[in-house]
Amino acid sequence: GHLLLPLDQVDEKMSERFCNIFAGAILIPRKTLIRGLGVKRNKLSIQELGILKQQFGISIQAIVMRAMNLGIISDYYTKYFFKYIGEMGWKTEEPYKLEGEENSKRFDQLIFRGLSEEVISMNKAASLMNMKLAEFRSKKLVVG
């Protein structure tokens, strides 16, 4: 972004913002993120964001900012989300390490999406994941 965008008449803070938006658009295009998260969301789960992180090799924070920039989530929810990850200590050490392992996580992503949007119950999500409800409940991380 620093090399390609005409930023010579923009202050440093705004320049960084433009470069981050540019990088997000390159790394995870609009159609790709909408396919992953949907057009409009009220809440996101850490699991589905972790799946996207591993799939595209970018941070959860970058995915959330891209979702806000595209209007998938609100500014209010984005602020809430960043406050939450700060409280969890994930600003510098996010969950879901990037390990180069390739395997499909689409089914898991759809389960967590349905759960966070309250389309399916926690009991149904646990059943679909072949887990006992108590075990699933201990791993559930829907923010909000």
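Residues numbered from 1 in each chain as written. Predicted model: local features only at pLDDT ≥ 70, side-chain atom pairs only at ≥ 80, totals over all residues. Heavy atoms only, no water.

Trainee: Got a minute to help me understand the packing of aromatic side chains in this structure?
Mentor: Each aromatic ring pair is specified by the distance between its two centres and by the angle formed by the two planes. Taken as a whole, this structure holds 5 aromatic pairs when the rule is applied. Aromatic pair Tyr77 and Phe81: ring centres 6.3 Å apart, planes at 45 degrees, arrangement tilted. Residue Tyr77 and its partner Phe81 are located together in helix α5 (residues 75-87), separated by 4 residues, close to a single helical turn. Of the residues examined, Phe81 reaches a relative accessible area of 0% and is grouped as buried. A centroid spacing of 6.2 Å and a plane angle of 80 degrees characterise the contact between Phe81 and Phe82, whose relative ring orientation is edge-to-face. Phe82 shares its class with Phe81; the two are buried. Counting every residue linked through ring pairs, the aromatic cluster contains Tyr77, Tyr80, Phe81 and Phe82. (Phe/Tyr/Trp six-rings, centres within 6.5 Å; stacked < 30°, edge-to-face > 60°. Helix = DSSP H or I, 4+ residues; strand = E, 2+ residues; numbered from the N terminus. Buried < 20%, exposed > 50% of the residue type's maximum accessible area, 1.4 Å probe, protein only.)

Trainee: Help me understand the packing of helix α3 (residues 46-56) against helix α6 (residues 106-116), please; the structure alone is not making it clear to me.
Mentor: Closest axis-to-axis distance for the α3/α6 pair is 8 Å, and the angle between their directions is 150 degrees. Relative to α6, the crossing made by α3 is left-handed. Contacts between α3 and α6 involve Gln47, Glu48, Ile51, Leu52 and Gln55 from the former and Asp108, Gln109, Phe112, Arg113 and Ser116 from the latter. Tallied by class, residues from the contact of α3 with α6 come to 3 nonpolar, 4 polar and 3 charged. (Axes fitted to C-alpha atoms, helices over the stretch in contact; angles between N-to-C directions. Left-handed = near helix turned anticlockwise from the far one by under 90°. Contact = heavy atoms within 4.5 Å. Nonpolar A, V, L, I, M, F, W, Y, C, P; charged D, E, K, R; others polar.)

Interpretation note: all reported values are geometric properties and have no functional meaning in isolation.
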